Amino acid sequence: MSANRESAGFTLIELVIAIVVVGLGLAGLVTAFSTAVRGSADPVVDKQLVAIAEAMMEEITLKPFADPGSAGAIAAAGCVRSAADDVGDYAGYVNRAVCDVDGTAAPDLAAYRVSVALVPGDPLGTATATRITVTVTNGVRNFALVGWRGDYQ
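Residue numbers restart at each chain and count upward from 1, following the sequence in its written direction. Only residues with pLDDT of at least 70 get local features here, since the model is predicted, and only at 80 or more are side-chain atom pairs given and counted; chain-wide, interface and lining totals rely on the full set of residues. As a rule here, side-chain values cover all heavy atoms of the structure and leave hydrogens and water aside.

*Asks:* Talk me through the pattern of salt bridges; I want residue IDs and the actual numbers.
*Replies:* Criterion for a salt bridge: a side-chain nitrogen of Lys or Arg within 4 Å of a carboxyl oxygen of Asp or Glu. By the definition in use, this model includes two salt bridges. Between Glu-59 and Arg-81 there is a salt bridge, and its shortest N-O distance comes to 2.7 Å. You can see Glu-59 sitting in helix α2 (residues 42-61) and its partner Arg-81 sitting in the loop between α2 and β1 (94-95), a full 22 residues away along the chain. Exposure classes here rest on a 1.4 Å probe applied to the protein chains alone. A residue is buried below 20% of its type maximum, exposed above 50%, and partly exposed in between. Owing to a relative accessible area of 4%, Arg-81 belongs among the buried residues under this scheme. Think of it this way: any DSSP run of H or I at least four residues long counts as a helix, any run of E at least two long counts as a strand, and we number them from the N terminus.

*Asks:* Can you tell me about the sheet that holds strand β4 (residues 141-150), naming the residues and giving the values?
*Replies:* With respect to topology, four strands assemble into an open sheet ordered β1-β2-β3-β4, the strand pairing being antiparallel. A single partner strand is all that each edge strand has here, and the edge strands are β1 and β4. The sheet contact formed by β1 and strand β2 (residues 112-121) spans two bridges and is antiparallel. Note on β2: the bridge partner recorded for Val-94 is Ser-115. Two residues qualify as a contact provided that any one of their heavy atoms is within 4.5 Å of a heavy atom in the partner residue. Angles run from 0 to 180 degrees between N-to-C directions of axes, and those axes are lines fitted to C-alpha atoms, restricted for helices to the stretch in contact. This element, α2, spans β2, β3 (129-138) and β4 of the sheet and lies at about 25 degrees to β4. The criterion for strand pairing is that DSSP finds at least two bridges linking the strands in question.

*Asks:* Run through the side chain of Asp-89, naming residues and quoting values.
*Replies:* Relative to the helices and strands, Asp-89 is located in the loop between α2 and β1. In this charge count, Lys and Arg are treated as positive and Asp and Glu as negative; neither His nor the chain ends contribute. The side chain of Asp-89 sits in the buried core without any salt bridge; Lys-63 is the nearest counter-charge, 7.7 Å away. Definition of a polar contact: a pair of N or O atoms within 3.5 Å, with one able to donate and the other able to accept a hydrogen when the atoms are protein atoms, and with sequence-neighbouring residues admitted only if both atoms are side-chain atoms. Within the structure, the side chain of Asp-89 is placed 2.9 Å from the backbone nitrogen of Asp-85, a separation counted as a polar contact.

*Asks:* Which residues make up α2, and what values do they have?
*Replies:* The span expected for a helix works out to 1.5 Å for each residue beyond the first. Look at α2: 28 Å from first C-alpha to last across 20 residues, which is about the 28 Å you get at 1.5 Å a residue. All of the buried residues in α2 are Val-45, Leu-49, Ile-52, Ala-53, Met-56, Met-57, Glu-59 and Ile-60. Seen along its axis, α2 keeps its buried residues to an arc of 160 degrees; they face one direction. To be clear, the arc concerns the directions from the helix axis to the C-beta atoms.

*Asks:* Provide a residue-level description of the pairing of β2, including the pertinent values.
*Replies:* Where β2 and β3 come together, ten bridges link them in antiparallel fashion. What sits directly across from Pro-120, in β3, is Thr-130.

*Asks:* Pulling in residues and values, what's your account of the nonpolar core?
*Replies:* Core analysis: the biggest nonpolar cluster contains 20 residues, and Val-116 and Val-134 have the highest contact counts within it. Secondary structure elements with two or more residues in this core: α2, β2 and β3. Here the element with the most residues in this core is α2; it accounts for seven residues. Apart from the residues lying within four places of it in its own chain, the contact partners of Val-116 are Met-56, Ile-60, Tyr-90, Ala-91, Gly-92, Tyr-93, Ile-132, Thr-133 and Val-134. Nonpolar core, defined: a set of buried Ala, Val, Leu, Ile, Met, Phe, Trp, Tyr and Cys residues in which side-chain atoms within 4.5 Å join the residues together.

*Asks:* Talk me through the environment of Val-146; I want residue IDs and the actual numbers.
*Replies:* Relative to the assigned elements, Val-146 resides in strand β4. When its relative accessible area of 48% is taken as the criterion, Val-146 is described as partly exposed. As a C-alpha pair, Val-146 and Glu-54 span 92 residues in sequence and 9.7 Å in three-dimensional space. Ignoring anything within four residues of it in the chain, the contact list for Val-146 reads Met-57, Arg-131, Ile-132 and Thr-133.

*Asks:* An account of the side chain of Lys-63 is needed here, citing residue identities and associated values.
*Replies:* Looking at the element boundaries, Lys-63 is found in the loop between α2 and β1. A polar side-chain atom of Lys-63 sits 3.2 Å from the main-chain carbonyl oxygen of Ala-84. Sequence-distant contacts of Lys-63, that is, excluding residues within four places in its chain, are made with Ala-84, Asp-85, Asp-86, Val-87, Tyr-90 and Arg-149.

Dropping the structure here:
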């Protein structure tokens, strides 16, 4: 064997350093992917919050402003809203589940809560109106939708 032999391949130290560098790079990628995957369901929850609030707001604003009949306010903690015949009947409505107007609960939306607050007001100074706030919550996430319903005739 000659003293000036040509090197062929990597030394053990070079191989260990290469493995450590590649391992650190992969660890960074896995961390980035896990963070992205963990937050990927958030837009779905947000869209559901908005959709539920919009559906309730539409239901309320399509009702007459003044009470056309003798029906009173709906039960504050009930699921059936078919007796509501005017906007004022939704005052203080709080529901522990998402239901349709007839009281059929949506089991896939059991984690969502809906509440409605009505505040009489006159934002334009021209007509009687009520500010409607529909709040939908899911755990620590919530969405509040505010709208106005005037007594236009």
